[in-house]
Amino acid sequence: RANFTNGTTGEDNYGHGTHVAGIVAATADNKVGVAGVCPGCTILDGKVLNDSGVGSSSSLANGINWAVNNGAKVINMSLGVRASRTLETAVNNAWSKGVVLVAAAGNGSNQTKIYPGAYPNVIAVAATYYHSLALKSDGTVWAWGLNADGQLGDGTRESRLEPVVVAGVDDDEALQIVPESHLP
């Protein structure tokens, strides 16, 4: 466990990090709660947001570097901070060592970029109560969820349990969702 903040403890004051860690690595077959998707995985516990839930790009960069130096293969960051060269360097160093980085795309219901999710070597993820999007490092956008109002952009109102690729995204085109098998 490592604390990269001015917080008095390394504890998760809000529970979100603990919740995500449980989704990933909760013990299986113990008849308690749920099983994680990777119950044999080891969690590195690095606190980068202070006791008020605020952090800096430098504390996050320090946390990324610590995780990489301690053998992390995947780094999850359900947060966003301002861009900085220090943070971008930490992200790129982790990526160059084969670490998969996943971060929040944002929670502000706006188009403001947050980091590290907006860096090219990070998989940015977003979710709502009704539908979700994920941006992969190769630039493809995936969508799934409820589609009662056609919000997934596929021209239907059919909900999707399985992710589909959003193709042809640019400033002049509408989003179109097509099965991956139809992509070049």
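Provided above is the structure to which this section pertains.
Residues numbered from 1 in each chain as written. Predicted model: local features only at pLDDT ≥ 70, side-chain atom pairs only at ≥ 80, totals over all residues. Heavy atoms only, no water.

Draft legend 1. The arrangement of the overall build of the protein in detail. If you tally the helices and strands in the protein, you get three helices and nine strands. Written out in order from the N terminus, the α and β elements of the protein read β-α-β-α-β-α-β-β-β-β-β-β. Out of the 184 residues in the protein, the part that is buried amounts to 28%. Of all intrachain contacts in the protein linking residues separated by at least 6 positions in sequence, the fraction that spans at least 24 positions is 40%. On the protein, roughly 11800 Å² of surface is accessible, and the fraction owed to carbon and sulfur atoms is 53%. (Helix = DSSP H or I, 4+ residues; strand = E, 2+ residues; numbered from the N terminus. Buried < 20%, exposed > 50% of the residue type's maximum accessible area, 1.4 Å probe, protein only. Contact = heavy atoms within 4.5 Å. Areas by Shrake-Rupley, 256 points an atom, 1.4 Å probe, with all protein chains shown as cover.)

Draft legend 2. Molecular detail of the pattern of salt bridges. As enumerated under the stated definition, the model contains three salt bridges in all. A salt bridge links Glu11 to Arg1; the nearest nitrogen and oxygen atoms lie 2.8 Å apart. Residue Glu11 is found in the loop between β1 (2–3) and α1 (16–25), and its partner Arg1 is found in the segment before β1; the two are separated by ten residues along the sequence. With its nearest N and O atoms 2.5 Å apart, the salt bridge here joins Lys47 to Asp51. Residue classification places Lys47 among the buried residues on the basis of a relative accessible area of 8%. Residues participating in the shared-partner salt-bridge network are Arg1, Glu11 and Asp45. (Salt bridge = Lys/Arg side-chain N within 4 Å of Asp/Glu carboxyl O.)

Draft legend 3. Spotlight on the packing of aromatic side chains. Scanning the model with the defined rule gives two aromatic pairs in all. Between Tyr115 and Tyr119, the ring centres sit 4.7 Å apart and the planes meet at 55 degrees, which makes this aromatic pair tilted. Pair check on accessibility: Tyr115 and Tyr119 agree, each one buried. (Phe/Tyr/Trp six-rings, centres within 6.5 Å; stacked < 30°, edge-to-face > 60°.)

Draft legend 4. The arrangement of the pairing of strand β4 (residues 100–104) in detail. Across the five residues that make up β4, a large majority, four, are buried. Bridge analysis of strand β3 (residues 74–77) against β4 gives four bridges, and the strand direction is parallel. Within the sheet, the bridge partner assigned to Met77 lies in β4 and is Ala103. Running through helix α3 (residues 85–96), the crossover from β3 to the neighbouring parallel element β4 is right-handed. (Pairing = 2+ DSSP bridges. Right-handed = clockwise from strand over helix to strand, strands pointing away.)

Draft legend 5. A look at a nonpolar patch on the surface. On the surface, Ile23, Val24, Val37 and Ile43 cluster together to form a nonpolar patch covering roughly 350 Å² of accessible area. By the secondary structure assignment, Val24 is in helix α1. (Patch = residues over 30% accessible without salt bridge, like charges linked within 9 Å, V, L, I, M, F, W, Y side chains within 5 Å.)

Draft legend 6. Seen up close, the state of the cysteines. Counting across every chain of the model gives one disulfide. Put simply, Cys38 and Cys41 are joined by a disulfide, and their sulfur atoms are 1.9 Å apart. Negative torsions about the S-S bond denote left-handed disulfides, and the value of about 70 degrees found for Cys38 with Cys41 makes this one right-handed. Judged by its relative accessible area of 28%, Cys38 falls in the partly exposed class. By relative accessible area, which is 33% here, Cys41 ends up partly exposed. (Disulfide = S-S within 2.5 Å.)

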